[in-house]
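Survey of secondary and tertiary structure
Each chain is listed here by its residues.
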Amino acid sequence: MSPSDRERELEALLALSQRGRAKLERLHEILTSSGHYGRGATPAAVVYRENKLRLLRLLDENGQPRVGPPVLFVPAPVSRYFIIDLLPGRSFAGHIAAAGFDVYIADFGEPTSEDRFCDLAYYVDGLVRRCVRTVSALSGEPKINIVGYCLGGTLALLYSALHPESVTRLVLLTTTVDGDVEGGIAWVAHKMGLAGESYDNPRLVPAAEVKSWFEMLSPGANSVIGRVNDLWDRLDDPPERLRDVRTMATWVDDVLPAPGRLLAELYQQFGPGRNKLMAGTATIGDQRVDLSAVTMPVMSVSAEKDTIAPPDGVDALKKIVPHAQVIRLPGGHVGIVAGRSAPALWQRVVEFLQA
Amino acid sequence: MAEARDDNEPALVERWLQDQQHWQKTLLAYLDSMVKNEDFLVHVGNAMRGSLLAGKPYPTAPPPGTPVTETAADARLDQLLFALHQIQGQLNDLSMTVAEMRNGRASSPAPQASQSRRADRAKRSVAPAAAVKNRKRKGRG
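Residues numbered from 1 in each chain as written. Chains lettered and ligands numbered in written order. Predicted model: local features only at pLDDT ≥ 70, side-chain atom pairs only at ≥ 80, totals over all residues. Heavy atoms only, no water.

On to the nonpolar core, then. Residue and element names in this part refer to chain A. Formed by 104 residues in total, the largest nonpolar core has its most connected members in Leu72, Phe73, Phe92, Ile96, Leu173 and Leu345. With 10 residues, the single largest contributor to this core is helix α3 (residues 120–139). Apart from residues no more than four positions distant in its own chain, Leu72 is found in contact with Leu55, Tyr104, Ala106, Cys131, Val132, Val135, Ile144, Asn145, Ile146 and Val147. Of all hydrophobic cores here, the second largest spans 13 residues; its members include Leu31, Leu235, Val245 and Ala249. (Core = buried A, V, L, I, M, F, W, Y, C linked by side-chain atoms within 4.5 Å. Buried < 20%, exposed > 50% of the residue type's maximum accessible area, 1.4 Å probe, protein only. Helix = DSSP H or I, 4+ residues; strand = E, 2+ residues; numbered from the N terminus. Contact = heavy atoms within 4.5 Å.)

Shown next, in the form of structure tokens:
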């Protein structure tokens, strides 16, 4: 090796060392800045509490409740609520509020040991119904709009079938109705042994186990090596962008433990091979769910690249609620609600609610 | 052909030395944050798993073979607590209905299952825990 070759090699090594150090400095900057810590971005007041549930009412810039048609957001009870109120300027709920609606969000909170006994009836005909009653009482409107996200959409659909007289319009976002469509979280959980969850003797399914199902959706990218590589590449991004990534990570990676009875019931009713929503045989407690009662305007949105709720399983709503408006948007399960392209969805929802 | 070198640019060896000094500063900054901020170690641990999750450790499963410590009494206590949550919900329903009547509005939407059936169900789920309590009392007496 000639001296000039050696010098070139040392130059390349020095450049590599400098790049690595710059990334670590950026990482240090991000890790020492304040994180998201799971709060919604928009000022809100707690207007109802029950067990771990908090019903939030978004406030305007003067700290006052907004005036307008009421909208209740129902997120999935197995994840944090703040994905729909993520950041100032990037908040789905904030966008709807700014369009002239009185917005409420159901935050189901973090289940603890006794909540393993929560079943569908507890959520649908208990918590969600009392949220609707509270919204109705505060807004003075006998009927309200409901927007359900993911499993929250399932709760909203079941609620609307049981109490159609209280729902003006229903929006379902990435809500699987056809459990036989292969792929997605239901299938992964099925393959990972969710069939073993007991309804009669449930456990609180640990957050790490729930997280492992989501990781199995794309095992390569979600392996430790895959994630570390991804983070290392992202450390070239500007700090503002990394703070966004951190906020999203705080939602994606901060999964909640799940009530075993709820999971057992979801699996037994809607899981692969059961599929009682499509068959019209779903029940809540001892009542049959009659989807023909869902006569209010309904919009269902699927995401093209959704690995959690496969779009075909979402769009199947058209088969059981024929008048539903079914839309498929580009993006993934989280991206369409809170990603950079999310405003497209928000605007569609505003237009639907204002129609 | 070799690139023309700026006369003001430090020699390669000097730049290596500068880089080493920067590395020392970077590592000292990490050490300083570890000492000053308890959360920082958690955040570094998360980053080593490829996650920027803030405020808590990345969820990991306990090592295989970790014993489950729950006893039958814990399960019954949880059942009792859950039954209390259900009763709390029914009481909230009741107070909402009273408020609606006071305001002259029709009560809506009422629970689909009848109140008595719900109360029965709540009683049933409380019953085993209550029975255990009674048995214990008898045993002591």
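One pass over the full model with this rule turns up 8 aromatic pairs over all chains. Judged by centre distance (5.7 Å) and plane angle (65°), the ring pair of Tyr30 of chain B and Phe40 of chain B falls under edge-to-face. Here Tyr30 of chain B, found in helix α1 (residues 12–36), pairs with Phe40 of chain B, found in helix α2 (residues 38–48); they are 10 residues apart in sequence, far enough to count as distant. An aromatic cluster is built from Phe108, Phe117, Tyr122 and Tyr123 of chain A together with Phe82 of chain B, whose rings are joined through pairwise contacts. The ring of Tyr199 of chain A carries the charged tip of Arg261 of chain A above its face, separated from the ring centre by 4.7 Å. (Phe/Tyr/Trp six-rings, centres within 6.5 Å; stacked < 30°, edge-to-face > 60°. Lys NZ or Arg CZ within 6 Å of the ring centre and 35° of its normal.)

Listed by partner, the interface residues are 57 residues for chain B and 65 residues for chain A. Taking both sides of the interface into account, the surface hidden between chain B and chain A amounts to around 5100 Å²; carbon and sulfur atoms contribute 57%. Taken together, the links from chain B to chain A amount to 8 salt bridges. Where chain B packs against chain A, one counts 30 residue pairs in polar contact (both at pLDDT 80 or more). Sorting the residues of the side of chain B that touches chain A by element identifies α1, α2, α3 (72–102) and α4 (115–140) of chain B as the ones contributing at least two each. Considering each element in turn, the side of chain B that touches chain A owes the most residues, 16 residues, to α3 of chain B. (Buried area = accessible area lost by both parts, 1.4 Å probe. Salt bridge = Lys/Arg side-chain N within 4 Å of Asp/Glu carboxyl O. Polar contact = N/O pair within 3.5 Å; in protein donor to acceptor, adjacent residues only side chain to side chain.)

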